Amino acid sequence: MSDRLNIVVAMSGGVDSSVATALLVESGFSVTGMMLRLWSEPGCENSNRCCTPDSVVDARRVAQKLGIPFYVIDARKEFFEIVVGNFIRGYHQGITPNPCLTCNRQIRWGLLLENAINMGAEALASGHYARLVKNPAGCIELHRGADLDKDQSYVLSMLDQDQLTRTILPLGELSKPEVRALAKKFGLATAEREDSQDLCFLADEDYRSFLARHVPTAIVPGKIIDQTGKLLGQHTGLAHYTIGQRKGLGISSQKPLYVLEKWIDENILVVGEESALGHRRLRADQVNWISGKAPSSPFAAGVKVRYRSPLFEAIVTPSEMDTMEVEFALKIRDITPGQRVVFYIGDQVIGGGNIVMGYD
(Lines give C-alpha, C1' and ligand atoms only; values in the text may rest on other atoms or scores of the structure.)
Protein backbone atom coordinates (compact mmCIF):
# COMPACT_ATOMS: atom_id res chain seq x y z
CA MET A 1 0.00 0.00 0.00
CA SER A 2 1.24 3.49 -0.85
CA ASP A 3 4.60 2.12 -2.02
CA ARG A 4 5.19 0.66 1.44
CA LEU A 5 5.62 3.94 3.25
CA ASN A 6 8.13 3.54 6.09
CA ILE A 7 6.61 4.55 9.42
CA VAL A 8 8.04 4.58 12.92
CA VAL A 9 5.45 4.28 15.69
CA ALA A 10 6.12 5.84 19.09
CA MET A 11 5.28 2.91 21.34
CA SER A 12 4.75 3.19 25.10
CA GLY A 13 3.56 -0.26 26.10
CA GLY A 14 0.01 1.08 26.36
CA VAL A 15 -3.12 0.06 24.50
CA ASP A 16 -3.36 3.21 22.35
CA SER A 17 0.08 3.05 20.74
CA SER A 18 -0.26 -0.72 20.41
CA VAL A 19 -3.50 -0.42 18.42
CA ALA A 20 -2.08 2.42 16.33
CA THR A 21 0.80 0.11 15.43
CA ALA A 22 -1.50 -2.80 14.60
CA LEU A 23 -3.72 -0.66 12.36
CA LEU A 24 -0.71 0.54 10.36
CA VAL A 25 0.62 -3.00 9.96
CA GLU A 26 -2.84 -4.18 8.87
CA SER A 27 -2.92 -1.38 6.29
CA GLY A 28 0.26 -2.66 4.69
CA PHE A 29 2.79 -0.05 5.77
CA SER A 30 6.39 -0.88 6.60
CA VAL A 31 6.30 -0.32 10.37
CA THR A 32 8.99 -0.10 13.03
CA GLY A 33 8.23 0.24 16.73
CA MET A 34 10.35 2.65 18.72
CA MET A 35 10.20 3.35 22.45
CA LEU A 36 11.98 5.98 24.49
CA ARG A 37 13.75 5.13 27.71
CA LEU A 38 13.10 8.17 29.86
CA TRP A 39 14.76 9.41 33.02
CA SER A 40 13.66 8.10 36.42
CA GLU A 41 15.03 8.84 39.83
CA PRO A 42 17.46 6.12 40.91
CA GLY A 43 15.51 3.28 42.47
CA CYS A 44 12.19 4.39 40.97
CA GLU A 45 12.56 2.86 37.50
CA ASN A 46 9.65 0.48 38.05
CA SER A 47 7.30 3.39 38.76
CA ASN A 48 8.01 5.64 35.77
CA ARG A 49 4.66 5.81 34.00
CA CYS A 50 6.02 5.87 30.46
CA CYS A 51 8.83 3.35 30.37
CA THR A 52 8.84 0.85 33.21
CA PRO A 53 10.53 -2.48 32.49
CA ASP A 54 7.03 -3.99 32.25
CA SER A 55 6.04 -1.39 29.65
CA VAL A 56 9.09 -2.22 27.56
CA VAL A 57 8.24 -5.91 27.79
CA ASP A 58 4.63 -5.26 26.74
CA ALA A 59 5.67 -3.09 23.79
CA ARG A 60 8.19 -5.70 22.67
CA ARG A 61 5.53 -8.43 22.91
CA VAL A 62 3.19 -6.36 20.74
CA ALA A 63 5.94 -5.83 18.17
CA GLN A 64 6.72 -9.55 18.12
CA LYS A 65 3.02 -10.37 17.76
CA LEU A 66 2.81 -8.01 14.77
CA GLY A 67 6.11 -9.16 13.28
CA ILE A 68 7.82 -5.76 13.22
CA PRO A 69 11.25 -4.51 14.38
CA PHE A 70 11.37 -2.85 17.79
CA TYR A 71 14.00 -0.53 19.26
CA VAL A 72 14.43 1.24 22.59
CA ILE A 73 16.11 4.66 22.38
CA ASP A 74 17.97 5.90 25.46
CA ALA A 75 16.64 9.44 26.01
CA ARG A 76 17.33 9.71 29.73
CA LYS A 77 19.87 12.52 29.49
CA GLU A 78 17.82 14.64 27.08
CA PHE A 79 14.60 14.02 29.00
CA PHE A 80 16.10 15.12 32.29
CA GLU A 81 17.79 18.20 30.85
CA ILE A 82 14.83 19.35 28.76
CA VAL A 83 11.62 18.10 30.38
CA VAL A 84 12.47 17.62 34.05
CA GLY A 85 14.74 20.67 33.97
CA ASN A 86 11.95 22.84 32.56
CA PHE A 87 9.56 21.47 35.21
CA ILE A 88 11.99 22.34 38.02
CA ARG A 89 12.81 25.79 36.63
CA GLY A 90 9.12 26.59 36.16
CA TYR A 91 8.22 25.87 39.76
CA HIS A 92 11.29 27.75 40.95
CA GLN A 93 9.98 30.77 39.01
CA GLY A 94 6.54 30.39 40.57
CA ILE A 95 4.69 29.12 37.50
CA THR A 96 2.92 25.79 36.90
CA PRO A 97 4.49 24.16 33.83
CA ASN A 98 3.04 21.30 31.80
CA PRO A 99 5.96 18.91 31.14
CA CYS A 100 3.94 16.72 28.76
CA LEU A 101 3.85 19.60 26.26
CA THR A 102 7.61 20.05 26.47
CA CYS A 103 8.09 16.32 26.02
CA ASN A 104 5.88 16.16 22.93
CA ARG A 105 7.56 19.12 21.27
CA GLN A 106 11.21 18.41 22.03
CA ILE A 107 11.45 14.72 22.86
CA ARG A 108 8.79 12.83 20.88
CA TRP A 109 8.59 15.18 17.88
CA GLY A 110 12.20 16.21 18.37
CA LEU A 111 14.58 13.44 19.42
CA LEU A 112 12.33 10.52 18.46
CA LEU A 113 11.35 12.00 15.10
CA GLU A 114 15.01 12.71 14.37
CA ASN A 115 15.89 9.09 15.11
CA ALA A 116 13.02 7.92 12.92
CA ILE A 117 14.21 10.05 9.98
CA ASN A 118 17.78 8.83 10.44
CA MET A 119 16.46 5.27 10.16
CA GLY A 120 14.87 6.11 6.82
CA ALA A 121 11.30 6.59 8.07
CA GLU A 122 9.05 9.04 6.28
CA ALA A 123 6.60 9.56 9.12
CA LEU A 124 6.17 9.21 12.87
CA ALA A 125 2.90 7.75 14.17
CA SER A 126 1.49 7.92 17.67
CA GLY A 127 -1.57 6.80 19.61
CA HIS A 128 -2.85 10.32 20.28
CA TYR A 129 -6.57 10.98 19.89
CA ALA A 130 -6.52 13.83 17.38
CA ARG A 131 -7.00 14.22 13.62
CA LEU A 132 -4.90 15.71 10.84
CA VAL A 133 -6.55 17.16 7.72
CA LYS A 134 -4.80 18.52 4.63
CA ASN A 135 -6.68 21.57 3.38
CA PRO A 136 -6.92 22.65 -0.32
CA ALA A 137 -3.89 24.91 0.13
CA GLY A 138 -1.80 21.91 1.17
CA CYS A 139 -1.54 23.00 4.83
CA ILE A 140 -1.96 20.36 7.54
CA GLU A 141 -4.73 21.24 9.99
CA LEU A 142 -4.92 19.82 13.51
CA HIS A 143 -8.43 18.87 14.65
CA ARG A 144 -9.91 17.45 17.81
CA GLY A 145 -10.31 13.69 17.98
CA ALA A 146 -13.69 12.17 17.22
CA ASP A 147 -13.87 10.97 20.84
CA LEU A 148 -14.05 14.34 22.59
CA ASP A 149 -13.66 12.70 26.01
CA LYS A 150 -10.22 11.43 24.95
CA ASP A 151 -9.27 14.28 22.62
CA GLN A 152 -5.56 15.12 22.87
CA SER A 153 -5.26 17.93 20.31
CA TYR A 154 -4.40 20.29 23.20
CA VAL A 155 -1.08 18.52 23.87
CA LEU A 156 -0.17 18.58 20.17
CA SER A 157 -0.84 22.29 19.73
CA MET A 158 2.87 23.17 19.74
CA LEU A 159 3.69 21.13 16.61
CA ASP A 160 4.63 23.02 13.46
CA GLN A 161 3.92 22.27 9.80
CA ASP A 162 7.20 20.41 9.29
CA GLN A 163 6.40 18.10 12.19
CA LEU A 164 2.74 17.67 11.24
CA THR A 165 3.55 16.73 7.64
CA ARG A 166 5.60 13.85 9.07
CA THR A 167 2.92 12.76 11.54
CA ILE A 168 0.25 10.04 11.36
CA LEU A 169 -2.50 9.68 13.99
CA PRO A 170 -4.34 6.40 13.35
CA LEU A 171 -6.74 6.73 16.32
CA GLY A 172 -8.21 10.13 15.45
CA GLU A 173 -11.55 8.78 14.27
CA LEU A 174 -11.90 6.15 17.02
CA SER A 175 -13.32 6.09 20.54
CA LYS A 176 -11.55 4.51 23.49
CA PRO A 177 -14.00 1.55 23.64
CA GLU A 178 -13.38 0.94 19.93
CA VAL A 179 -9.63 0.98 20.52
CA ARG A 180 -9.88 -1.56 23.34
CA ALA A 181 -12.11 -3.76 21.15
CA LEU A 182 -9.49 -3.62 18.38
CA ALA A 183 -6.76 -4.53 20.85
CA LYS A 184 -8.69 -7.68 21.74
CA LYS A 185 -9.35 -8.42 18.07
CA PHE A 186 -5.64 -8.18 17.31
CA GLY A 187 -4.82 -10.29 20.38
CA LEU A 188 -2.54 -7.63 21.88
CA ALA A 189 -1.08 -8.08 25.35
CA THR A 190 -1.94 -4.48 26.20
CA ALA A 191 -5.70 -4.78 25.61
CA GLU A 192 -6.59 -4.40 29.30
CA ARG A 193 -3.74 -2.12 30.34
CA GLU A 194 -4.94 0.86 32.37
CA ASP A 195 -4.41 4.39 31.08
CA SER A 196 -1.57 6.42 32.55
CA GLN A 197 -2.73 9.63 34.26
CA ASP A 198 0.13 11.09 36.28
CA LEU A 199 3.38 12.75 35.24
CA CYS A 200 5.63 9.90 34.22
CA PHE A 201 8.75 10.86 36.19
CA LEU A 202 6.98 11.46 39.52
CA ALA A 203 6.84 7.72 40.23
CA ASP A 204 3.34 7.83 41.76
CA GLU A 205 4.26 10.47 44.34
CA ASP A 206 3.08 14.02 44.95
CA TYR A 207 5.03 16.62 42.96
CA ARG A 208 5.75 18.52 46.19
CA SER A 209 8.01 15.75 47.47
CA PHE A 210 9.83 15.67 44.15
CA LEU A 211 10.40 19.43 44.24
CA ALA A 212 11.61 19.31 47.83
CA ARG A 213 14.42 16.98 46.74
CA HIS A 214 15.32 18.67 43.46
CA VAL A 215 14.67 22.36 44.04
CA PRO A 216 14.69 23.01 47.80
CA THR A 217 15.24 26.75 47.19
CA ALA A 218 11.65 26.88 45.87
CA ILE A 219 10.32 25.49 49.15
CA VAL A 220 10.91 28.52 51.36
CA PRO A 221 8.17 29.42 53.88
CA GLY A 222 6.65 32.87 53.69
CA LYS A 223 3.61 35.03 54.44
CA ILE A 224 -0.01 34.42 53.47
CA ILE A 225 -1.96 37.67 53.15
CA ASP A 226 -5.38 38.73 51.94
CA GLN A 227 -6.02 41.40 49.32
CA THR A 228 -5.85 44.16 51.92
CA GLY A 229 -2.39 43.03 53.04
CA LYS A 230 -3.57 41.49 56.30
CA LEU A 231 -1.33 38.69 57.51
CA LEU A 232 -3.29 35.42 57.74
CA GLY A 233 -0.60 32.83 58.25
CA GLN A 234 2.47 31.16 56.79
CA HIS A 235 2.79 29.16 53.58
CA THR A 236 5.21 26.25 53.21
CA GLY A 237 6.72 27.35 49.88
CA LEU A 238 5.08 28.95 46.83
CA ALA A 239 5.78 25.86 44.70
CA HIS A 240 3.24 23.99 46.84
CA TYR A 241 0.33 26.13 45.62
CA THR A 242 -1.53 26.77 42.38
CA ILE A 243 -3.90 29.56 41.40
CA GLY A 244 -7.45 28.68 42.48
CA GLN A 245 -6.36 26.19 45.13
CA ARG A 246 -8.65 26.02 48.17
CA LYS A 247 -7.60 23.00 50.21
CA GLY A 248 -4.35 22.70 52.10
CA LEU A 249 -3.81 26.40 52.81
CA GLY A 250 -3.36 25.78 56.52
CA ILE A 251 -5.31 28.83 57.65
CA SER A 252 -8.73 29.15 59.29
CA SER A 253 -11.46 31.41 57.99
CA GLN A 254 -15.23 31.73 58.29
CA LYS A 255 -15.45 31.66 54.50
CA PRO A 256 -13.49 29.43 52.07
CA LEU A 257 -10.31 31.09 50.81
CA TYR A 258 -8.56 30.50 47.50
CA VAL A 259 -5.11 31.22 46.12
CA LEU A 260 -5.37 34.40 44.04
CA GLU A 261 -1.75 35.33 43.34
CA LYS A 262 1.84 34.34 44.07
CA TRP A 263 4.26 37.23 44.56
CA ILE A 264 7.53 35.57 43.68
CA ASP A 265 9.93 38.38 44.52
CA GLU A 266 8.40 38.89 47.97
CA ASN A 267 7.68 35.15 48.54
CA ILE A 268 4.09 36.00 49.44
CA LEU A 269 0.90 34.03 48.82
CA VAL A 270 -2.24 36.14 48.30
CA VAL A 271 -5.61 34.56 49.09
CA GLY A 272 -9.20 35.71 48.96
CA GLU A 273 -12.81 34.66 48.56
CA GLU A 274 -14.07 32.84 45.50
CA SER A 275 -15.64 36.00 44.07
CA ALA A 276 -12.14 37.45 43.66
CA LEU A 277 -10.93 34.53 41.57
CA GLY A 278 -10.43 34.72 37.85
CA HIS A 279 -9.68 37.18 35.09
CA ARG A 280 -11.31 38.39 31.90
CA ARG A 281 -8.03 38.58 29.96
CA LEU A 282 -4.73 36.81 29.60
CA ARG A 283 -1.43 37.36 27.85
CA ALA A 284 0.52 34.50 26.27
CA ASP A 285 3.91 34.16 24.61
CA GLN A 286 5.81 31.46 22.69
CA VAL A 287 2.73 31.20 20.48
CA ASN A 288 2.63 28.50 17.83
CA TRP A 289 0.20 29.06 14.95
CA ILE A 290 -0.54 25.67 13.39
CA SER A 291 -0.60 27.12 9.88
CA GLY A 292 2.79 28.76 10.46
CA LYS A 293 1.28 32.22 9.98
CA ALA A 294 -0.35 34.47 12.57
CA PRO A 295 -3.87 35.73 11.70
CA SER A 296 -3.87 39.36 10.57
CA SER A 297 -6.77 40.44 12.80
CA PRO A 298 -8.58 39.44 16.02
CA PHE A 299 -10.87 36.43 15.78
CA ALA A 300 -13.51 34.67 17.86
CA ALA A 301 -12.54 31.25 19.18
CA GLY A 302 -13.22 28.56 21.74
CA VAL A 303 -10.32 28.64 24.19
CA LYS A 304 -8.90 26.08 26.59
CA VAL A 305 -6.71 27.27 29.47
CA ARG A 306 -5.83 23.75 30.68
CA TYR A 307 -5.84 20.30 29.17
CA ARG A 308 -9.09 19.27 30.86
CA SER A 309 -10.79 22.68 30.87
CA PRO A 310 -13.93 23.32 28.81
CA LEU A 311 -13.90 25.62 25.80
CA PHE A 312 -14.54 29.24 26.75
CA GLU A 313 -15.77 31.87 24.29
CA ALA A 314 -13.14 34.52 23.69
CA ILE A 315 -11.60 36.99 21.26
CA VAL A 316 -7.98 36.23 20.38
CA THR A 317 -5.80 39.16 19.32
CA PRO A 318 -2.41 38.35 17.80
CA SER A 319 0.27 40.94 18.38
CA GLU A 320 3.79 39.95 17.44
CA MET A 321 4.36 36.53 15.90
CA ASP A 322 4.92 34.78 19.21
CA THR A 323 2.59 36.74 21.52
CA MET A 324 -1.14 37.31 21.84
CA GLU A 325 -3.92 38.63 24.08
CA VAL A 326 -7.16 36.79 24.87
CA GLU A 327 -10.35 38.43 26.14
CA PHE A 328 -13.04 36.12 27.49
CA ALA A 329 -16.78 36.64 27.47
CA LEU A 330 -16.86 35.77 31.19
CA LYS A 331 -14.36 35.83 34.05
CA ILE A 332 -12.25 32.62 33.95
CA ARG A 333 -10.88 31.30 37.24
CA ASP A 334 -8.28 28.75 36.08
CA ILE A 335 -5.86 31.06 34.26
CA THR A 336 -2.47 29.87 35.53
CA PRO A 337 0.92 31.19 34.39
CA GLY A 338 2.97 28.39 32.85
CA GLN A 339 -0.02 26.45 31.53
CA ARG A 340 -0.88 26.50 27.83
CA VAL A 341 -3.80 28.34 26.28
CA VAL A 342 -5.09 26.70 23.09
CA PHE A 343 -7.70 28.15 20.77
CA TYR A 344 -10.13 26.41 18.43
CA ILE A 345 -12.51 27.36 15.65
CA GLY A 346 -14.97 24.52 15.63
CA ASP A 347 -12.86 21.37 15.97
CA GLN A 348 -9.79 22.93 14.37
CA VAL A 349 -6.83 23.98 16.49
CA ILE A 350 -5.64 27.40 15.35
CA GLY A 351 -2.73 27.64 17.75
CA GLY A 352 -1.66 28.02 21.34
CA GLY A 353 0.81 29.72 23.64
CA ASN A 354 2.18 29.73 27.17
CA ILE A 355 0.18 31.79 29.65
CA VAL A 356 2.24 34.66 31.03
CA MET A 357 -0.43 36.32 33.18
CA GLY A 358 -4.13 36.86 33.70
CA TYR A 359 -5.51 40.35 34.22
CA ASP A 360 -8.72 42.39 34.19
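Everything below is about the structure shown above.
Let me sum up the structure you'll find in this document. The written sequence of each chain sets the order in which its residues are numbered from 1. In view of the model being predicted, local features appear only for residues whose pLDDT reaches at least 70, and side-chain atom pairs are presented and counted only at 80 or more, with totals across whole chains, interfaces and linings using the full set of residues. Note that the side-chain values use all heavy atoms of the structure and ignore hydrogens as well as water.

## So, the sheet that holds strand S8 (residues 222-225)
- A pair of strands counts as paired when DSSP detects no fewer than two bridges linking them. Numbering of helices and strands runs from the N terminus, with a helix taken as a DSSP run of H or I at least four residues long and a strand as a DSSP run of E at least two residues long. The four strands are arranged S9-S8-S11-S10 in an open sheet whose pairing can be described as mixed. If you trace the sheet from one side to the other, it starts and ends with strand S9 (231-235) and strand S10 (258-263), each paired once. Here the strands of the sheet are splayed against their neighbours by 30° on average, with no regard to which way each runs.
- In this structure, S8 lies alongside S9, joined through four bridges in antiparallel fashion. Note on S9: the bridge partner recorded for Ile225 is Leu231. As a rule, the C-alpha atoms of each element are fitted with a line to give its axis, helices using only the stretch in contact, and angles between N-to-C directions run from 0 to 180 degrees.

## Some details on the environment of Leu174
- Secondary-structure assignment places Leu174 in the loop between strand S7 (167-168) and helix H6 (176-185).
- Each C-alpha atom, one on Leu174 and one on Tyr129, is 7.7 Å from the other, the two residues being 45 residues apart in sequence.
- Any two residues whose heavy atoms approach within 4.5 Å are treated as being in contact. For Leu174, the contacting residues outside a window of four places in its chain are Leu23, Tyr129, Asp147, Val179 and Leu182.

## Some points on the sheet that holds S7
- On the basis of which strands lie adjacent, the open sheet formed by five strands has the order S3-S2-S1-S4-S7 and parallel pairing. Two strands lie at the open edges of the sheet, namely strand S3 (70-74) and S7, each paired on one side alone.
- Examined bridge by bridge, strand S1 (residues 6-10) and strand S4 (residues 123-125) share three bridges and lie parallel to one another. From the neighbouring strand, Ile7 faces S4, where its bridge partner is Ala123.
- Those strands touched by helix H4 (residues 99-118) are S1, strand S2 (30-37), S3, S4 and S7, and its axis lies near 130° from that of S2.

## Some remarks on the packing of aromatic side chains
- Only rings of Phe, Tyr and Trp enter the pairing, Trp through its six-membered ring, and a pair is recorded when the two centres are within 6.5 Å. The plane angle decides the type: under 30 degrees is stacked, over 60 is edge-to-face, the rest tilted. A complete count under the given rule lists nine aromatic pairs for this structure.
- Ring centres 5.8 Å apart and planes at 35° place the aromatic pair Tyr154 and Tyr307 in the tilted group. Here Tyr307 lies in the loop between strand S13 (299-304) and strand S14 (312-318) and Tyr154 lies in the loop between strand S6 (140-144) and helix H5 (161-164), a separation of 153 residues in the sequence.
- Ring centres 5.2 Å apart and planes at 55° place the aromatic pair Trp289 and Phe343 in the tilted group. Taken together, the residues Trp289 in strand S12 (residues 279-289) and Phe343 in strand S16 (residues 340-345) connect sequence positions 54 residues apart.
- Residue burial is assigned from relative accessible area. The probe radius is 1.4 Å, only protein chains are included, and a residue is buried under 20% of its type maximum, exposed over 50%, and partly exposed in between. Assessed through its relative accessible area of 3%, Trp289 is described here as buried.

## Details of unusual backbone geometry
- Residues other than glycine seldom take positive phi values, yet Asn267 does so here, at roughly 55°.
- Mapped onto the secondary structure, Asn267 falls in the loop between S10 and strand S11 (268-272).

## Quick notes on the pattern of salt bridges
- For salt bridges, the criterion is a side-chain nitrogen of Lys or Arg within 4 Å of an Asp or Glu carboxyl oxygen. Evaluated as defined, the whole model comprises 14 salt bridges.
- The partner of Asp16 in a salt bridge is Lys176, with the nearest N and O atoms 2.9 Å apart. Residue Asp16 is found in helix H1 (residues 15-26), and its partner Lys176 is found in helix H6; the two are separated by 160 residues along the sequence.
- Given the relative accessible area of 17%, Asp16 is considered buried.
- When the shortest N-O distance is used, the salt bridge between Arg281 and Glu327 registers 3.3 Å. Here the residue Arg281 occupies a position in strand S12, and Glu327 occupies one in strand S15 (residues 323-332), the gap between them amounting to 46 residues.
- By relative accessible area, Arg281 is classed as partly exposed at 27%.

## Things to note about the side chain of Ser17
- Its place among the elements puts Ser17 in helix H1.
- Apart from the residues lying within four places of it in its own chain, the contact partners of Ser17 are Val9, Ala10, Met11, Ser12 and Gly127.

## Some words on the packing of H1 against H6
- Packing of H1 against H6 leaves a shortest axis separation of 9 Å and a crossing angle of 65°. Of the two possible hands of crossing, H1 and H6 adopt the one that is left-handed. Touching Val15, Asp16, Val19, Leu23 and Glu26 of H1 are Lys176, Val179, Arg180, Leu182, Ala183 and Lys185, all from H6.
- Lys, Arg, Asp and Glu make up the charged group, whereas Ala, Val, Leu, Ile, Met, Phe, Trp, Tyr, Cys and Pro make up the nonpolar group; the residues left over, Gly among them, are polar. Split by residue class, the contact of H1 with H6 holds six nonpolar, no polar and five charged. Handedness of a helix crossing follows the sense of rotation of the near helix relative to the far helix, less than a right angle counterclockwise being left-handed and clockwise being right-handed.

## Re helix H7 (residues 207-214)
- The complete set of buried residues in H7 reads Tyr207, Phe210 and Leu211. All buried residues of H7 fall inside an arc of 95° around its axis, so they share one side.
- Considering only its buried residues, H7 is in contact with helix H3 (76-92). By definition, the arc is the one covered by directions from the helix axis to the C-beta atoms.

## Observations concerning the pairing of S11
- Burial runs high along S11: five of the five residues are buried.
- Side-chain alternation along S11 places Ile268, Val270 and Gly272 on one buried face and Leu269 and Val271 on a second face that is also buried.
- Where S8 and S11 come together, three bridges link them in parallel fashion. Directly across from Ile224, in S11, lies its bridge partner Leu269.
- Between S10 and S11, which pair antiparallel one after the other, the connecting turn spans four residues, and Asn267 there sits at a positive phi close to 55°.

## Overview of the pairing of S2
- Counting buried positions over the eight residues of S2 gives six, a clear majority of the element.
- Across five bridges, the pairing between S2 and S3 is parallel. Residue pairing across strands places Met35 opposite Val72, the latter belonging to S3.

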